[in-house]
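Chain by chain, the residues run as shown.
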Number of protein chains: 2
Amino acid sequence: MNFLEERIAKDGILKEGNVLKVDSFLNHQMDIHLFDEMGKEWKKRFEGKNINKILTIEASGIGIAAVAAMHFDVPVVFAKKAKSINLEGDMYVAEVESFTHKTKNQVIVAQKFLTEDDHVLIIDDFLANGCALQGLIQIVQQAGATVEGIGIAIEKGFQQGGQIIRNLGYQLESLAIVDGMDVETGELTFREQ
Amino acid sequence: MNFLEERIAKDGILKEGNVLKVDSFLNHQMDIHLFDEMGKEWKKRFEGKNINKILTIEASGIGIAAVAAMHFDVPVVFAKKAKSINLEGDMYVAEVESFTHKTKNQVIVAQKFLTEDDHVLIIDDFLANGCALQGLIQIVQQAGATVEGIGIAIEKGFQQGGQIIRNLGYQLESLAIVDGMDVETGELTFREQ
């Protein structure tokens, strides 16, 4: 197990409905040392890629992306989520439908912060069905910018998001891929990487 | 002018209604080098304080707090905002009313991440009327924890938030205090510190 898998095994909490709670270190309380390790690992995995900007989405992607950005020495843009349009200025807007909740959400980035010259690393905390991620990719494409790679902390390997993204040809680096979770025993199965 | 005041003077955009837009470096696109400088400066200003946790609020406080936390070597907890209660587990909830919009919002933190043993530095990007900040202080008090200090990037000195907080006896360190802004000339007046 790598450092993140170990931490998930130690502090993650399984709940009914394939819920994996990691709010003690990832998305409510944030372990900044862990984020630093994650940034270092992504820097290694995306070695040689020409990355000049990190794109993430509010709220729980922001802390991870900000600390990772120290390793890439680039600025971070965080996309905003909204239920309806109420925007000033020129914005890229991606409409994404939640697979689970069937609700429509918008992912929004100001046009001035993403241009065709940008080579973007997308960072987020979770990848399950990949809704938010698809919105972020759509926005990079609207801008004419290039997705150089995608860094995810925890991928739920038993949901479809990761497979879709890999099928589309993107370099997706999930630091932990959970292929199975047993609420009864509390056991997690991580994919060999 | 210090490094943050210089950056605001250079890249901040003034708009009607005392709006100061700093989304190119602070709260949409994030300049991580600048955040690192801010963290270093707060570390200096809160020298000698026994701080074991940083508390901030989604979304735009998170990146600043995460990078600042590298200097304090402590975890960050970010409070969530909500319009209505829909929570599982034990939460601290502070209800705050917006001075400007007259809307009520809730500021929420899971109880397990804030206890009476915690010595908290509160970090946020903006302080104007201080609504969100009052909610965060209320939550620290609910937990029986101690507010060791408050670090703000930009304070609007012509609004009441900062004065209230200082009157209450808190050590409030705003890295830039804007005392006046002239939309016609684009001129900003910073308070001498």
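Residues numbered from 1 in each chain as written. Chains lettered and ligands numbered in written order. Predicted model: local features only at pLDDT ≥ 70, side-chain atom pairs only at ≥ 80, totals over all residues. Heavy atoms only, no water.

1. So, the layout of surface pockets
Residue and element names in this part refer to chain B.
Move 1: Reported here for the second largest pocket is a volume of approximately 150 Å³.
Move 2: Around the second largest pocket sit Met-1, Asn-2, Glu-5, Arg-45, Phe-190, Arg-191, Glu-192 and Gln-193, which together line it.
Move 3: Grouping the constituent residues of the lining of the second largest pocket by class yields two nonpolar, two polar and four charged. (1 Å grid on protein atoms, 1.4 Å probe; cavity = no way out; pocket = protein on both sides within 12 Å on 5 of 7 lines; lining within 4 Å. Points joined across faces, edges and corners; volume = space filled by probe spheres on them. Nonpolar A, V, L, I, M, F, W, Y, C, P; charged D, E, K, R; others polar.)

2. With respect to the pairing of strand S10 (residues 172–182) of chain A
Residues and elements named next belong to chain A.
Move 1: Across the eleven residues that make up S10, a large majority, nine, are buried.
Move 2: With four bridges connecting them, S10 and strand S11 (residues 187–190) associate as antiparallel partners. Within S11, the residue paired with Gly-180 across the bridge is Thr-189.
Move 3: Here S10 folds back onto S11, and the loop between the two strands holds four residues, one of which, Gly-186, carries a positive phi near 75 degrees. (Buried < 20%, exposed > 50% of the residue type's maximum accessible area, 1.4 Å probe, protein only. Helix = DSSP H or I, 4+ residues; strand = E, 2+ residues; numbered from the N terminus. Pairing = 2+ DSSP bridges.)

3. Side note on the relation of the copies chain B and chain A
Move 1: Least-squares fitting of chain B to chain A yields an RMSD of 0.0 Å, with the superposition described by an axial translation of 0.0 Å and a rotation of 180 degrees. The operation mapping one copy onto its partner corresponds to a two-fold rotation axis.
Move 2: Taken as a fraction of all interface residues of chain B, those also at the interface in chain A reach 100%, which identifies the copy contact as same-surface. (Least-squares fit on C-alpha atoms with pLDDT ≥ 70 in both. Contact = heavy atoms within 4.5 Å.)

4. Quick word on a negative patch on the surface
Residue and element names in this part refer to chain A.
Move 1: On the surface, a cluster of negative charge is made up of Glu-16, Asp-182, Glu-184 and Glu-187.
Move 2: The residue Glu-184 is located in the loop between S10 and S11 in this model.
Move 3: Owing to a relative accessible area of 73%, Glu-184 belongs among the exposed residues under this scheme. (Patch = residues over 30% accessible without salt bridge, like charges linked within 9 Å, V, L, I, M, F, W, Y side chains within 5 Å. Areas by Shrake-Rupley, 256 points an atom, 1.4 Å probe, with all protein chains shown as cover. Salt bridge = Lys/Arg side-chain N within 4 Å of Asp/Glu carboxyl O. Lys, Arg positive; Asp, Glu negative; His and termini not counted. Charge placed at Lys NZ, Arg CZ, Asp CG, Glu CD.)

5. Some details on the interface of chain B and chain A
Move 1: Across the boundary between the two partners, chain B contributes 34 residues, which contact 34 residues of chain A.
Move 2: For the pair chain B and chain A, the summed buried surface comes to about 2,800 Å²; carbon and sulfur atoms form 64% of the total.
Move 3: Here chain B is connected to chain A by two salt bridges.
Move 4: Note that Lys112(B) and Asp23(A) form a salt bridge whose closest N and O atoms lie 3.5 Å from each other.
Move 5: The tally of links from chain B across to chain A stands at ten residue pairs in polar contact (both at pLDDT 80 or more).
Move 6: Secondary-structure elements contributing two or more residues to the side of chain B that touches chain A are strand S3 (29–30), helix H2 (32–45), helix H3 (60–72), strand S5 (76–82) and strand S7 (104–110) of chain B.
Move 7: By residue number, the principal contributor to the side of chain B that touches chain A is H3(B), which donates seven residues.
Move 8: The residue inventory of the side of chain B that touches chain A, partitioned by class, reads 17 nonpolar, seven polar and ten charged.
Move 9: Pairing analysis gives two bridges linking strand S5 (residues 76–82) of chain A to S3(B), with the strands arranged antiparallel. (Buried area = accessible area lost by both parts, 1.4 Å probe. Polar contact = N/O pair within 3.5 Å; in protein donor to acceptor, adjacent residues only side chain to side chain.)

6. Overview of the confidence of the model for chain A
Move 1: Looking at chain A as a whole, the pLDDT averages 94, with 96% of positions reaching at least 70.
Move 2: Predicted as a complex, the structure gets a pTM of 0.95 and an ipTM equal to 0.93. (pLDDT = per-residue confidence, 0-100.)

7. Some words on the pattern of salt bridges
Move 1: With the rule as written, the count across this model stands at 24 salt bridges over all chains.
Move 2: Where Arg45(A) meets Glu173(A), a salt bridge forms, and the shortest distance between an N and an O atom there is 3.0 Å. Here the residue Arg45(A) occupies a position in helix H2 (residues 32–45), and Glu173(A) occupies one in strand S10, the gap between them amounting to 128 residues.
Move 3: Residue class for Glu173(A) comes out buried when judged on its relative accessible area of 16%.
Move 4: Between Lys44(B) and Glu41(B) there is a salt bridge whose closest N-O contact spans 3.4 Å. Pair noted here: Lys44(B) and Glu41(B) are both in helix H2, with a separation of three residues, about one helical turn.
Move 5: Of the residues examined, Glu41(B) reaches a relative accessible area of 17% and is grouped as buried.
Move 6: Connected through shared salt-bridge partners, Arg7(A), Lys10(A), Asp11(A) and Asp31(A) make up one network.

8. Points about the packing of helix H1 (residues 3–11) of chain A against H2(A)
Move 1: The interhelical angle for the contact between H1(A) and H2(A), taken along N-to-C directions, is 145 degrees, at an axis separation of 10 Å. Contacts from Phe3(A), Leu4(A) and Arg7(A) of H1(A) reach H2(A) at Leu34(A), Glu37(A), Met38(A) and Glu41(A). (Axes fitted to C-alpha atoms, helices over the stretch in contact; angles between N-to-C directions.)

9. Considering the side chain of Glu148(B)
Residue and element names in this part refer to chain B.
Move 1: Note on placement: Glu-148 falls in strand S9 (residues 146–156).
Move 2: With no salt bridge to any partner, buried Glu-148 finds its closest opposite charge in Lys-49, at an N-O distance of 4.1 Å.
Move 3: Side-chain polar atoms of Glu-148 contact the side chain of His-119, separated by 2.7 Å.
Move 4: When neighbours within four sequence positions are excluded, Glu-148 is seen to be in contact with Lys-49, Asn-50, Ile-51, His-119, Val-120 and Gln-171.

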